[in-house]
Amino acid sequence: MGYMKTNTAVIGGGASGLTAAVGCSRLSGKGSVLIIEKQQRTGRKLLASGNGRCNITNSGISEKRYHGDKEIIRSVLSGHSYEDMCVFMRSLGVLLREESEGRVYPYSNQASTILDALRNECERLGAEELCGFDIKQVKKEKGGFLIISDDTDIFAKNVIFASGSQASPSLGSDGSGYKLLEALGIGHTPLFPALSPVSTKEKYKELKGVRTKGRVSLFADGNIIQSTEGEIQFTDSGISGICVFELSRAVNEFFALGTVCGSEYKNISITADIMSGFSFAELCDYLFMCRKIYSDKGAEFLLSGAVNKKLAHTAAVICGLAGKKCGSLSGRDIKQLAECVKNMKFTPVQSDAYKTAQVSAGGIDSRYIEPQTLCSRKYRGLYICGELLDADGDCGGFNLHFAVGSALKAAGSIKNIS
């Protein structure tokens, strides 16, 4: 049985864990921080973020863009603003650039730039990586903590848990951190996926891969709950895209808890307006005009000048108009097609959304940690940051911003660091 000692052990080598290691090392000097990672390498999930581009922050950082424990969110954001993130990234040698809707990426447009910069700073400061280390238990001992695996024990004066949530388990976020903390008596609020595609009862195989701009709206018991606009992507199991991600938190909450935004409902549904730039009346006028233009063509041609041809064909099929000539369509047919395009209906169904979710909702809240330090209320020297906490943000860089900000707060709060 091997044995190691370190001043501070960081459990998890993702964005939050690597940042925590940088923060601790900058305060304590070389040889005092050990990063423990279950995977064979650090930063796998970070490399996949933002479709490989890494949407690291957003110029519109605000408490309003986050869900969960308000005290924790307020504490982290008050100590780590958008400007603070830019300063921290520059201290790593990383330049940023802002794109649409406040989304901020590394200037290189590569997630590897962020990962390489964090790992380089850890190496420069003497923080060590220990990969492929599967933790079985963390025990409180006199003067610190014992981190136990099958063949090695590690004693650390301080421990920072940064092991991530249950979202994207194939990239290492398997929820094991919650289990280790539960064994220490540190619980959490109910967990469910957030920022994920939505599986639906309706399977439009022909539309797989089709993307279109539009507006999606979530209804609960017939009442509109949320509506967002952006790119809608059709998949073989349902719908995806950033605007769908924004609705998915409420959808997944419904299947996990039977509630939507904290209130109980019996059923939910989603509508997609794939021509949100036109009113119903304007769209009808357009379709009446096209009825003359395409009089000898099939009904699927009626929308061919406005939307993807696969979408046009699917809409005609949904309305039972496939095979009919445009010139033979009645006014009722035209209005039915316009209604379909303005209110394409989807019925969400339960799925293993964790597989494709970017983050998890719920987590460890201020019952168990002090918001101002992110230190355990039960154990001095035990800190928690990143996705483990009860804080999840909207799509657009808000979650990575919180991961980095909470890691720096935890690192800066450690008293026994030298």
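Residues numbered from 1 in each chain as written. Predicted model: local features only at pLDDT ≥ 70, side-chain atom pairs only at ≥ 80, totals over all residues. Heavy atoms only, no water.

1. Things to note about the side chain of S16
Our working definition: Numbering of helices and strands runs from the N terminus; a helix is a DSSP stretch of H or I covering at least four residues, while a strand is a stretch of E covering at least two. Note on contacts: a residue pair qualifies if any of its non-hydrogen atoms lie within 4.5 Å across the two residues.
By secondary structure assignment, the location of S16 is in helix α1 (residues 15-28). Contacts of S16, omitting those with residues within four sequence positions, involve A162, C385, G386, A403, S406 and A407.

2. Looking at the sheet that holds strand β12 (residues 198-199)
Defined as follows: Whether two strands pair comes down to DSSP finding at least two bridges between them. Each axis is a line fitted through C-alpha atoms, and for a helix only the stretch in contact is used; angles between axes span 0 to 180 degrees, taken between their N-to-C directions.
On the basis of which strands lie adjacent, the open sheet formed by six strands has the order β12-β15-β14-β13-β18-β19 and antiparallel pairing. In this open sheet, the two strands that pair with only one neighbour each are β12 and β19 (344-346). Summarising the sheet, strand β14 (residues 223-234) and strand β15 (residues 238-240) pair through two bridges and their orientation is antiparallel. Bridging from a neighbouring strand, Q233 pairs with S240 of β15. Across the sheet, helix α7 (residues 242-257) lies against β12, β13 (211-220), β14, β15 and β18 (268-273), angled at about 130 degrees from β14, the strand it touches most.

3. A short note on the pattern of salt bridges
Note the following rule: Each salt bridge in this description consists of a side-chain nitrogen of Lys or Arg and a carboxyl oxygen of Asp or Glu lying within 4 Å of one another. Residue burial is assigned from relative accessible area. The probe radius is 1.4 Å, only protein chains are included, and a residue is buried under 20% of its type maximum, exposed over 50%, and partly exposed in between.
Overall, the coordinates contain 17 salt bridges when judged by the stated rule. Among the salt bridges present, the one from R103 reaches E101, with a minimum N-O distance of 2.4 Å. Given the relative accessible area of 60%, E101 is considered exposed. For E129, the salt bridge is made with R119, and the minimal N-O distance between the two is 2.9 Å. Of this pair, E129 sits in strand β7 (residues 128-131) while R119 sits in helix α5 (residues 111-125); the two residues are 10 residues apart in sequence, bridging distant segments of the chain. One salt-bridge network, held together by shared partners, links R26, E121 and R124.

4. Structural notes on the nonpolar core
To keep it simple, the criterion reads: Residues belong to a common nonpolar core when they are buried Ala, Val, Leu, Ile, Met, Phe, Trp, Tyr or Cys residues joined through side-chain atoms within 4.5 Å.
In terms of nonpolar packing, the biggest core is built from 75 residues, with I56, V138, I147, I160, F161, L382 and I384 touching the most fellow members. In contact with V138, not counting residues within four places along its chain, are I11, F145, L146, I147, F161, L180 and L184. Judged by nonpolar contacts, the second largest core, of 45 residues, contains L218, V251, I268 and V341.

5. A word on the packing of α1 against α5
To keep things clear, this is the line we draw: In this scheme the crossing of two helices becomes right-handed for a clockwise turn of the near helix relative to the far one and left-handed for an anticlockwise turn of less than a right angle. In this count, Pro and Cys sit with the nonpolar residues alongside Ala, Val, Leu, Ile, Met, Phe, Trp and Tyr, while Asp, Glu, Lys and Arg are called charged and the others, Gly among them, polar.
Between α1 and α5, whose axes approach to 9 Å, the crossing angle comes to 30 degrees. Judged by the sense of rotation from one axis to the other, the crossing of α1 with α5 is left-handed. Listed contacts from α5 to A15, L18, T19, A21, V22, S25 and R26 of α1 are L115, L118, R119, E121, C122 and L125. Split into classes, the residues belonging to the contact of α1 with α5 amount to eight nonpolar, two polar and three charged.

6. As for α1
Where we set the bar: Here, expected helix span is obtained from the residue count minus one, scaled by 1.5 Å.
If you check α1, its first and last C-alpha atoms are 20 Å apart, about what 14 residues at 1.5 Å a residue would give, namely 20 Å. Most of α1 sits inside the fold, with 11 of its 14 residues counted as buried. When α1 is considered as a whole, its buried residues turn out to be A15, S16, G17, L18, T19, A20, A21, V22, G23, C24 and S25. Where α1 terminates, the next one or two residues include G29, which has phi positive at roughly 90 degrees.

7. As for the packing of aromatic side chains
Defined as follows: Each Phe, Tyr or Trp ring (for Trp, its six-membered ring) is paired with any other whose centre lies within 6.5 Å, and the angle between the two planes then decides the class: stacked below 30 degrees, edge-to-face above 60, tilted in between.
Considering all chains together, one arrives at seven aromatic pairs under this definition. Judged by centre distance (6.1 Å) and plane angle (80 degrees), the rings of Y204 and F346 are edge-to-face. Highlighted residues: Y204 in the loop between β12 and β13 and F346 in strand β19, separated in sequence by 142 residues. Taking relative accessible area as the criterion, F346 reaches 2% and is therefore assigned buried. Geometrically, the ring pair formed by F254 and F255 is edge-to-face, given 5.4 Å between the ring centres and 70 degrees between the ring planes. Among the aromatic residues, ring-to-ring pairing joins Y66, F398 and F402 into one connected group.

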